[in-house]
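# Descriptive analysis of the structure
Spelled out from the first residue to the last, the chains are:
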Amino acid sequence: MGFSNNFLWGAATAAYQVEGAYDTDGKGMGIWDALSAGHVVHGDNGNIACDHYRRFREDVAIMKSLGLKAYRFSVSWPRVMPEEGKVNPKGLTFYSVLVDELLAAGIEPMVTLFHWNLPMWAHEKGGWAWEGISDAFAAYAKVVVDALSDRVSYWMTINEPCCFIGLGYLTGDHAPFERGNGGPEDQKKFAALTRNTLLAHGKAVRVIREKGKKPPKIGAALNGNLYEPRGNTPEAIEEARVRTFGGDGSFSDVHWWADPMILGKASKLQRTFLSDGDLAVICQKLDFFGYNSYHTSNFVDDDGHNPEVYPGMPRTAMGWPITPNALRWAARFFYDRYRLPILITENGMANCDFVMGDGCVHDPQRAEYIRGYLAGLKQTVEEGVPVLGYLYWSLLDNFEWAFGYDKRFGLVHVDYRTQKRTIKDSAYMYREIIRTNGAEM
Ligand code: NOJ
């Protein structure tokens with residue numbers, strides 16, 4: 001027992017975070033290209049990033065040397081459609097050649113259609129609040145599907161709507177850096193943002209399903225609150241489940257997005273802005289439940305006390321708590337509710353990594369993190385939950401949005417002055433996990 005023989009061991013990246021080449025070969029501007037100045041530490045931006053646009057062959061060779069079976073990357077919408085209705089063939093060629101390179105290396109390509117760098121032309125019409133965005137997204141999906149679906153089977157429509165909507169339009173931490181004040185205008189806008197995003201997902205799924213040349217496997221990469229049981233009793237597990245899926249939901253809850261997408265179900269609050277007709281578009285058959293997992297949420301007692309958070313507890317360089325049971329409970333709870341095989345579309349940690357005197361990057365914290373989280377996942381697999389794969393975030397150190405380049409999540413260290421790649425110790429450990437299909441961790 002353990003991970004299936006065809007388990008997809010892999011790693012993930014996203015276009016804006018690694019590609020660079022922000023104005024090359026006809027690429028248009030996206031909201032992160034155009035608006036991030038003044039919002040990112042040290043004034044960092046993704047103009048050059050890991051220069052993956054030019055160095056992808058070297059990066060694929062590294063993946064192959066590590067034995068990766070899958071690589072999740074995103075297509076940059078502004079690279080492929082620099083203007084509304086205009087396709088940039090050179091942009092598409094980049095992804096087409098990348099897919100060929102991956103397949104030649106025996107690595108399964110997994111495509112995310114939207115990982116946050118919205119084209120400026122769409123932003124200028126209102127971004128995700130623009131009524132026409134779901135059709136525009138479907139048109140873009142068609143362009144990518146036409147170009148890649150003869151070789152790509154795995155598709156993710158959108159990545160973490162919780163973040164690009166919540167952080168982009170309400171808290172102002174991510175592009176387009178809009179801040180809400182919680183007033184009635186905000187509520188209206190939030191309703192439109194949710195509705196348009198869900199419709200975009202549903203319309204893109206339809207396009208992939210209908211136009212995909214290879215039989216597609218489709219999902220989204222979601223994230224959001226997940227409560228871990230306090231103890232192993234059935235009552236504790238139920239309590240955590242109720243917390244995870246409870247209430248009307250808000251943008252930071254997984255079920256805010258997943259219930260309409262997968263169950264065709266809207267909460268009472270969502271019913272005020274989602275019609276039955278909308279739900280029929282949003283709810284399309286999916287093939288897997290993609291989940292990005294970093295840590296579980298903590299219970300807070302009625303008196304505001306949180307026993308699981310204590311001074312000096314293990315945390316990553318992001319300050320995020322290290323909770324190795326996160327994958328275990330994510331796979332269990334999301335499978336029980338949505339009945340789709342689980343794909344861990346992201347999991348990983350930022351660490352204080354640097355190249356040491358011996359030329360290596362020693363990162364035992366990350367090795368421990370990966371082992372611990374995977375042990376939890378393995379337990380759930382052995383309890384019968386179908387899990388298709390695990391994609392470490394990230395293949396490379398990269399541009400961590402508003403945190404810039406200081407936060408290093410990679411299996412591979414990048415020296416941004418020279419673009420030199422150094423494989424970290426944890427990557428060699430991951431290679432062994434892959435080689436033994438998780439038997440040795
Ligand atoms: C989730 C996002 O999808 C990714 O872009 C980000 O870098 C990681 N989390 C780490 O914060």
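As shown above, the structure is provided for reference.
A few points on the structure. Bear in mind that the values here come from a model prediction, so they are computed numbers and not experimental data. (Residues numbered from 1 in each chain as written. Predicted model: local features only at pLDDT ≥ 70, side-chain atom pairs only at ≥ 80, totals over all residues. Heavy atoms only, no water.)

### A few points about the packing of helix H9 (residues 184-211) against helix H11 (residues 254-263)
Note the cut-off: Inter-axis angles, ranging from 0 to 180 degrees, are taken between N-to-C directions of lines fitted to C-alpha atoms, where helices are fitted over the stretch in contact. Here a strand is any run of E in DSSP of at least two residues, a helix any run of H or I of at least four, and the numbering for each starts at the N terminus. Working definition: roughly parallel below 35 degrees, roughly antiparallel above 145 degrees, roughly perpendicular at 65 to 115 degrees, and oblique for all remaining angles. Crossing handedness follows the turn of the near helix against the far one: under a right angle anticlockwise gives a left-handed crossing, and clockwise gives a right-handed one. Contacts were defined at the residue level, with two residues in contact if any of their heavy atoms lie within 4.5 Å. Under this grouping Gly is polar, as are all residues other than the nonpolar Ala, Val, Leu, Ile, Met, Phe, Trp, Tyr, Cys and Pro and the charged Asp, Glu, Lys and Arg.
At a closest axis distance of 10 Å, the pairing of H9 and H11 adopts a crossing angle of 45°. By the angle between their directions, the pair H9 and H11 is classed as oblique. In the crossing of H9 with H11, the sense of the turn from one axis to the other is right-handed. Contacts between H9 and H11 involve Phe190, Thr194, Thr197, Leu198 and His201 from the former and Trp256, Trp257, Pro260 and Met261 from the latter. Across the contact of H9 with H11, the residue classes tally to 6 nonpolar, 3 polar and no charged.

### Concerning the site of the ligand
Put simply, the test is: Residues are classed as near a molecule or strand on a simple rule: at least one heavy atom within 4 Å of it. Pairs of N or O atoms within 3.5 Å make up the polar contacts considered here, provided that, within protein, one atom can donate a hydrogen while the other can accept it, and that residues adjacent in sequence are counted only when both atoms are side-chain atoms. Calculation of accessible area relied on Shrake-Rupley with a 1.4 Å probe; when residues are assessed, cover is drawn exclusively from the protein chains displayed.
Taken together, 13 residues sit near the ligand, with Gln17, Asn159, Glu346, Glu400 and Trp401 positioned nearest. One of the side-chain nitrogen or oxygen atoms of Asn159 is found 2.8 Å away from an oxygen atom of the ligand. In this structure, Trp401 approaches the ligand through a side-chain N or O atom, which is 2.9 Å from an oxygen atom. Within the complex, 96% of the 300 Å² of free accessible area of the ligand lies under protein.

### Let's talk about helix H7 (residues 133-148)
Our working rule: An expected span of 1.5 Å times one less than the residue number is assigned to each helix. Under the scheme applied here, a residue whose accessible area is under 20% of the maximum for its type counts as buried, over 50% as exposed, and between as partly exposed, the area being computed with a 1.4 Å probe on protein chains only.
Taking 1.5 Å per residue as the helical rise, H7 with its 16 residues ought to reach 22 Å, and the 22 Å between its terminal C-alpha atoms agrees with that figure. By the burial criterion, the buried members of H7 are Ile133, Ser134, Ala136, Phe137, Ala138, Tyr140, Ala141, Val143, Val144, Val145 and Leu148.

### With respect to the sheet that holds strand S1 (residues 8-12)
Definition in use: Here, any two strands with at least 2 DSSP bridges between them count as paired.
The 8 strands lie next to each other as S1-S2-S3-S4-S5-S6-S7-S8, forming a closed barrel whose pairing is parallel. Within this sheet the neighbouring strands show an average axis-to-axis angle of 25°, counted without direction. On the sheet, helix H5 (residues 89-104) packs against strand S2 (70-74) and strand S3 (108-114) and is oriented at approximately 170° with respect to S2. Here helix H8 (residues 161-170) sits on the sheet in contact with S3, strand S4 (154-159) and strand S5 (217-222), set at roughly 20° to S4.

### Overview of the packing of aromatic side chains
Condition: Working definition: a ring pair exists when centres of Phe, Tyr or Trp rings (six-membered ring for Trp) sit within 6.5 Å. Plane angles under 30 degrees give stacked, over 60 give edge-to-face, the rest tilted.
Throughout the structure, instances matching the rule amount to 44 aromatic pairs. Centroid distance Phe289 to Tyr338: 5.2 Å. Interplanar angle 5°. Geometry classified as stacked. Here the residue Phe289 occupies a position in strand S6 (residues 289-292), and Tyr338 occupies one in helix H14 (residues 326-338), the gap between them amounting to 49 residues. The residues Phe289 and Tyr338 share a single accessibility class, namely buried. For the pair Tyr294 and Trp320, a centre-to-centre distance of 5.3 Å together with 70° between the ring planes defines the contact as edge-to-face. Here the residue Tyr294 occupies a position in the loop between S6 and H14, and Trp320 occupies one in the loop between S6 and H14, the gap between them amounting to 26 residues. Here the aromatic cluster, defined as three or more aromatic residues joined through ring pairs, consists of Tyr16, Trp32, Trp116, Phe177, Phe399, Trp401, Tyr405 and Tyr416.

### So, the packing of helix H10 (residues 234-245) against H14
Direction vectors running N to C along H10 and H14 enclose 70°, while the axes themselves pass 11 Å from each other. As summarised for this structure, H10 and H14 are arranged roughly perpendicular, according to the angle between their axes. Residues Ile237, Ala240, Arg241, Thr244 and Phe245 of H10 touch H14, and the partners they reach there are Trp329, Phe333, Phe334, Asp336, Arg337 and Tyr338. Here the contact of H10 with H14 is built from residues that sort into 7 nonpolar, 1 polar and 3 charged.

### A short note on the side chain of Asn117
By secondary structure assignment, the location of Asn117 is in the loop between S3 and helix H6 (120-124). Asn117 gets classed as buried once you look at its relative accessible area, which sits at 6%. Here the side chain of Asn117 touches Trp32 through a polar contact of 2.8 Å, landing on its backbone nitrogen. Within polar-contact distance, the side chain of Asn117 engages the side chain of Asp33 at 3.0 Å. Beyond its immediate chain neighbours, meaning those up to four positions away, Asn117 contacts Tyr16, Lys27, Gly30, Ile31, Trp32, Asp33 and Pro78.

### Quick notes on the pattern of salt bridges
Short version of the rule: We define a salt bridge as a side-chain nitrogen of Lys or Arg found within 4 Å of a carboxyl oxygen belonging to Asp or Glu.
Tallied over the entire structure, the rule returns 35 salt bridges. Close ionic contact of Asp287 with Lys285 constitutes a salt bridge, the shortest N to O distance being 3.0 Å. A cluster of three or more residues bridged by salt bridges with shared partners is formed by Glu238, Arg241, Arg332, Asp336, Arg339 and Glu383.

### Looking at the pairing of strand S8 (residues 387-393)
Where burial is concerned, most of S8 is hidden: 6 out of the 7 residues are buried. The sheet contact formed by S1 and S8 spans 5 bridges and is parallel. Bridged to Gly10 within S8 is Leu391. Strand direction decides the pairing type here: strand S7 (residues 342-347) and S8, joined by 4 bridges, are parallel. Note that in S8 the partner of Ile342 across the bridge is Val387.

### Considering unusual backbone geometry
Between Ala175 and the following residue, Pro176, the backbone shows a cis peptide bond with an omega angle of 10°. Structurally, Pro176 is set in the loop between H8 and H9. Despite not being glycine, Trp116 has its phi angle at roughly 90°, a positive value. Counting through the fold element by element, Trp116 comes out in the loop between S3 and H6. Positive phi, close to 50°, is recorded for Asn437, a residue that is not glycine.

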